[in-house]
Amino acid sequence: MKKPKNNIVEFKNVSKEFTSKKNRRLAVKDVTLEIGQGEIFGIVGRSGAGKSTLIRLINGLEKADCGQVLVAGQNIVNLNYNGLKQIRKNIGFVFQHFNLFNSKTVYRNIEYPLKIADKSSKISSDDRKSRVLQLLDYVGLKEYANCHPNSLSGGQKQRVGIARALATNPQVLLADEATSALDPETTVEIMKLLKKINREFGITIILITHTISIVRLICQRVAIMSGGEIVEIDTYKNIFFNPKSQAGKSLVSTFRILEGTGAVRV
Amino acid sequence: MFNLFWQTKTNWSIITPALFKAISETLYMVSLTLGLGGLFGLILGCILWSTRKDSLFSHPVFYKILEFLVNLIRPIPFIIFLSAIQPATIAVVGTSLGTNAAIFPMVIFCTMATSRIVEQSLINVDYGIIEASFAMGASRLRTLFQVVIPEVLPPLILGYAFIFIAIMDMSAMAGTIGGGGLGDFAIQYGYNKFNPLITWISVAIILIIVQFVQQFANFLAKKLLRRS
């Protein structure tokens, strides 16, 4: 599958460095990348490869040191708070550890982003209520509206996380290891849900993971990251059957070993 | 010798009104101090926490200065602090004697102690939820008030119960500057008049007040914890 024509997210020679007293670490090195509207794009790499930093550059949780990050054509690198607020309304974020607010009910968790967006777009409280209920229904948690997140299972928590990320009708959904804390069956369920969201709402999904088995489930195109650089971008099939980069080969062979189809036994 | 104590006649017609006056003075001092000092302490604690490195309004130099001030006052024994701050008390309250004069240093001391407890509670907040709030476009202040503080409410309530006991302790010393209260009552009518019964009555009343507050705080914190 080829990349769609319209880019929703674009990186142009982006670098990001973390400095502390002791050392400097280049987390993202000169990345240039185009992600098309409506894609499910996977970013794969080992821990510390810079994947998390890369997607945090998209909604401004991290600020690029140089280069441009374009979201829907707008460079977000030097935006002030109000600019970022508008951009963030348009980008949902799903976290590995869910990051739900334990002091709020499931309902209030999903309502929170709507309240933030409220000032500018003037959503009435009735609209807000129907939106939250609609989202709860969509992720299959209608009867859990008044529960607190701690009483939910991991999969249910992530469904709340996804509903919360979708609340403001974003164009882009970022998923940072969204299923790493979940068991395989729940992982498949969540991936199905993401695929459904992509198909029904046309939301672009960018998901990062350290296992190639996740991208195999739903991604169309995949980028492989290693040491802060993107070493390979291709369709899922090409990468899986014919990886060109060292990091890609390593990821695929590890996957085969874990699946039991590899040549080596651990 | 011990028998001597019991031979002391207790004149209830004097003691009873004095006791009720002492109780009301203690409750007045403690509740006002808890209210004002607790509020200022909450604000100061939030400022301390949010100016820490990598926090919401990170400003390491400002934090260091503030932390230094808090640490400067906290270790002073309260009874010495009472007299050390006398000029400021006169300037603010108008007098350095009496119940109101005692409340001023109590509020300052309570603010410092509360700020530390608030800061310690806030430190335990998972950064993930702060990041989640930011990712949804929330401002830093909204994140502080609507996400961070609600999240630490149970430990905060227990922290305030702890502070309450410290305030009871302080209020007993207020007697030395004419602040009245149960501490003063115990010394005046119990210790000075060799009447331990009076002292024990004040101890019992203080214990009842403290237990009541502690149990209430435990109940509230548990209720909040169970839901979260």
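Parameters at a glance
- Residues numbered from 1 in each chain as written.
- Chains lettered and ligands numbered in written order.
- Predicted model: local features only at pLDDT ≥ 70, side-chain atom pairs only at ≥ 80, totals over all residues.
- Heavy atoms only, no water.
- Helix = DSSP H or I, 4+ residues; strand = E, 2+ residues; numbered from the N terminus.
- Buried < 20%, exposed > 50% of the residue type's maximum accessible area, 1.4 Å probe, protein only.
- Contact = heavy atoms within 4.5 Å.
- Areas by Shrake-Rupley, 256 points an atom, 1.4 Å probe, with all protein chains shown as cover.
- Lys, Arg positive; Asp, Glu negative; His and termini not counted.
- Charge placed at Lys NZ, Arg CZ, Asp CG, Glu CD.
- Pairing = 2+ DSSP bridges.
- Buried area = accessible area lost by both parts, 1.4 Å probe.
- Salt bridge = Lys/Arg side-chain N within 4 Å of Asp/Glu carboxyl O.
- Polar contact = N/O pair within 3.5 Å; in protein donor to acceptor, adjacent residues only side chain to side chain.
- Nonpolar A, V, L, I, M, F, W, Y, C, P; charged D, E, K, R; others polar.
- Expected span 1.5 Å × (residues − 1).

Chemist: Lay out the overall build of chain B with the relevant residues and their values.
Modeler: Within chain B, the regular secondary structure consists of 11 helices and zero strands. Scanning chain B from its N terminus toward the C terminus, one meets helices and strands in the order α-α-α-α-α-α-α-α-α-α-α. Taking the principal axes of the C-alpha coordinates as reference, chain B spans close to 75 × 45 × 30 Å. In chain B, which comprises 228 residues, the proportion classed as buried is 47%. Sequence separation of at least 24 residues holds for 74% of the intrachain contacts in chain B that already meet a minimum separation of 6. Surface exposure of chain B reaches about 11900 Å², of which carbon and sulfur atoms provide 71%. Mean positive and mean negative side-chain charge positions of chain B (14 and 9 charges, respectively) differ by 6 Å.

Chemist: Account for the pairing of strand S1 (residues 7-19) of chain A, naming residues and giving values.
Modeler: Residue and element names in this part refer to chain A. Bridge count between S1 and strand S2 (residues 24-36): nine bridges; the pairing is antiparallel. Among the inter-strand pairings, Val-14 is bridged to a residue of S2, identified as Val-31. Turn length for the S1-S2 hairpin, with the two strands adjacent in sequence and antiparallel, is four residues. Strand direction decides the pairing type here: S1 and strand S4 (residues 66-71), joined by five bridges, are antiparallel. Bridge assignment links Phe-11 to a residue of S4, and that residue is Val-69.

Chemist: Describe the interface of chain A and chain B, naming the residues involved and giving the relevant values.
Modeler: Across the contact, 22 residues belong to chain A and 20 residues belong to chain B. Both faces combined, the contact of chain A with chain B buries some 1900 Å², and carbon together with sulfur accounts for 56% of it. Among the salt bridges present, the one from Glu-131 of chain B reaches Arg-56 of chain A, with a minimum N-O distance of 2.6 Å. Run the count over chain A and chain B and you get nine residue pairs in polar contact (both at pLDDT 80 or more). Every element with two or more residues in the side of chain A that touches chain B is listed here: helix H2 (81-89), strand S6 (91-94) and helix H3 (106-121) of chain A. Take the side of chain A that touches chain B: its biggest share by element is four residues, from H3 of chain A. Taken together, the residues that form the side of chain A that touches chain B break down as 10 nonpolar, six polar and six charged.

Chemist: An account of helix H9 (residues 153-173) of chain B is needed here, citing residue identities and associated values.
Modeler: Over its 21 residues, H9 of chain B runs 30 Å from end to end, which matches the ideal 30 Å to within 8%, given 1.5 Å per residue. Within the sequence span of H9 of chain B, burial applies to Pro-154, Leu-156, Ile-157, Gly-159, Ala-161, Ile-163, Phe-164, Ile-167, Met-168, Met-170 and Ser-171 of chain B.

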